[in-house]
Amino acid sequence: EAGVAQSPRYKIIEKRQSVAFWCNPISGHATLYWYQQILGQGPKLLIQFQNNGVVDDSQLPKDRFSAERLKGVDSTLKIQPAKLEDSAVYLCASSLLANYGYTFGSGTRLTVV
Amino acid sequence: AQTVTQSQPEMSVQEAETVTLSCTYDTSENNYYLFWYKQPPSRQMILVIRQEAYKQQNATENRFSVNFQKAAKSFSLKISDSQLGDTAMYFCAFMNSGAGSYQLTFGKGTKLSVIP
């Protein structure tokens, strides 16, 4: 089966600009997650979707971050405006039965200058 | 909230030798799952091994095995016959099944280098 697809792979933007990341999960996986991984740290959950509904967005900085999952398949994560501290790898993951673990994409490395 | 602690930021091992990575966690829950993920330079997180807390038997996957000590809240990963391809960041992760959301909480990771 195809894995979790993410794009772009790298992105460099200036602070205060906006950026969007795209994720296509494994076909049939109802649950989709966005994680933020700052250099030297483990991934931190930003938002969790079940189909096209939000399960948990308690750690999403909603003043600048937004995410959507249209039709319960693809998802986009947007940052507007970006800050220097948003520099990180943004990982998307999906799961069919979450207690068996997630399948992750290769992530987008964002650098804000 | 659950926390996961990996006390070894970096480790190295000679090729073909055995290495053990440590992980401890803090939770008041009784039903949960524990995972080890590997993250090579390609950045993709790859599931290495999984343990169900209600099972006393330690999980094994080929050269990878765990030592799960529920009372001590310890979950270490043993890699036998280390190979160059095992060089990566290794993350321990906790998943609480009781809350229903099945979210992974990760430790800070251990960077493992396999030396030829």
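Further up the page is the structure itself.
Keep in mind it's a predicted model, so treat the numbers as computed, not measured.

We now examine the overall build of chain B. In terms of regular secondary structure, chain B is built from zero helices and twelve strands. Its helices and strands taken in sequence order, chain B reads β-β-β-β-β-β-β-β-β-β-β-β from the N to the C terminus. Radius of gyration (C-alpha) of chain B: 14 Å, near the 13 Å computed for a compact globule of 116 residues. Of the contacts formed within chain B by residues at least 6 apart in sequence, a portion of 55% connects residues at least 24 apart.

All names here are of chain A. Tallied over the full model, the rule gives two disulfides over all chains. With a sulfur-sulfur separation of 1.9 Å, Cys 23 is cross-linked through a disulfide to Cys 92. Handedness of the Cys 23-Cys 92 disulfide follows from its S-S torsion of about -70°: it is left-handed. With Cys 23 in strand 3 (residues 19-24) and Cys 92 in strand 9 (residues 88-95), this pair connects stretches of sequence that are 69 residues apart. The exposure class assigned to Cys 23 is buried, which follows from its relative accessible area of 0%. The exposure class assigned to Cys 92 is buried, which follows from its relative accessible area of 0%.

Before going further, it helps to spend a moment on the pairing of strand 8 (residues 75-79) of chain A. Residue and element names in this part refer to chain A. Only one face of strand 8 is buried, namely the one carrying Ser 75, Leu 77 and Ile 79, since none of Thr 76 and Lys 78 on the opposite face is buried. Bridging between strand 3 and strand 8 involves five bridges; their strand directions are antiparallel. Looking at strand 8, one finds that Ala 20 is bridged to Lys 78. Pairing between strand 7 (residues 65-68) and strand 8: four bridges, direction antiparallel. Looking at strand 8, one finds that Ser 66 is bridged to Lys 78.

All names here are of chain A. Taken together, the four strands give an open sheet; going across it, the order is 1-3-8-7, and neighbouring strands pair in antiparallel fashion. The open sheet terminates on both sides in strands that have one partner only, identified here as strand 1 (5-7) and strand 7. Adjacent strand axes in the sheet meet at a mean angle of 15°, parallel and antiparallel pairs treated alike.

We now examine the packing of aromatic side chains. All names here are of chain B. Taken as a whole, this structure holds 17 aromatic pairs over all chains when the rule is applied. Aromatic side chains Phe 35 and Tyr 37 sit 6.3 Å apart centroid to centroid with 35° between the ring planes, which places their arrangement in the tilted category. On the basis of relative accessible area, Tyr 37 is assigned to the buried category, the value being 0%. Ring centres of Phe 68 and Phe 75 lie 6.3 Å apart, and the angle between their planes is 80°; on these two criteria the pair is classed as edge-to-face. The pair Phe 68 / Phe 75 is uniform in exposure class, with both members buried.

Attention shifts here to the environment of Glu 52 of chain B. Residue and element names in this part refer to chain B. When you line up the elements, Glu 52 lands in strand 6 (residues 46-52). Accessibility expressed as a relative area gives 8% for Glu 52, which makes it buried. In sequence terms Glu 52 and Met 95 are 43 residues apart; their C-alpha atoms lie 9.7 Å from each other. Dropping the residues within four chain positions of it, Glu 52 is found in contact with Tyr 32, Tyr 33 and Phe 68. A polar contact is formed between the side chain of Glu 52 and the side chain of Tyr 54, at a distance of 2.9 Å.

Definitions and cut-offs
Residues numbered from 1 in each chain as written. Chains lettered and ligands numbered in written order. Predicted model: local features only at pLDDT ≥ 70, side-chain atom pairs only at ≥ 80, totals over all residues. Heavy atoms only, no water. Helix = DSSP H or I, 4+ residues; strand = E, 2+ residues; numbered from the N terminus. Rg over C-alpha atoms; globule rule 2.2 N^0.38 Å. Contact = heavy atoms within 4.5 Å. Disulfide = S-S within 2.5 Å. Buried < 20%, exposed > 50% of the residue type's maximum accessible area, 1.4 Å probe, protein only. Pairing = 2+ DSSP bridges. Axes fitted to C-alpha atoms, helices over the stretch in contact; angles between N-to-C directions. Phe/Tyr/Trp six-rings, centres within 6.5 Å; stacked < 30°, edge-to-face > 60°. Polar contact = N/O pair within 3.5 Å; in protein donor to acceptor, adjacent residues only side chain to side chain.

Functional significance is not addressed by these values, which are geometric in nature.
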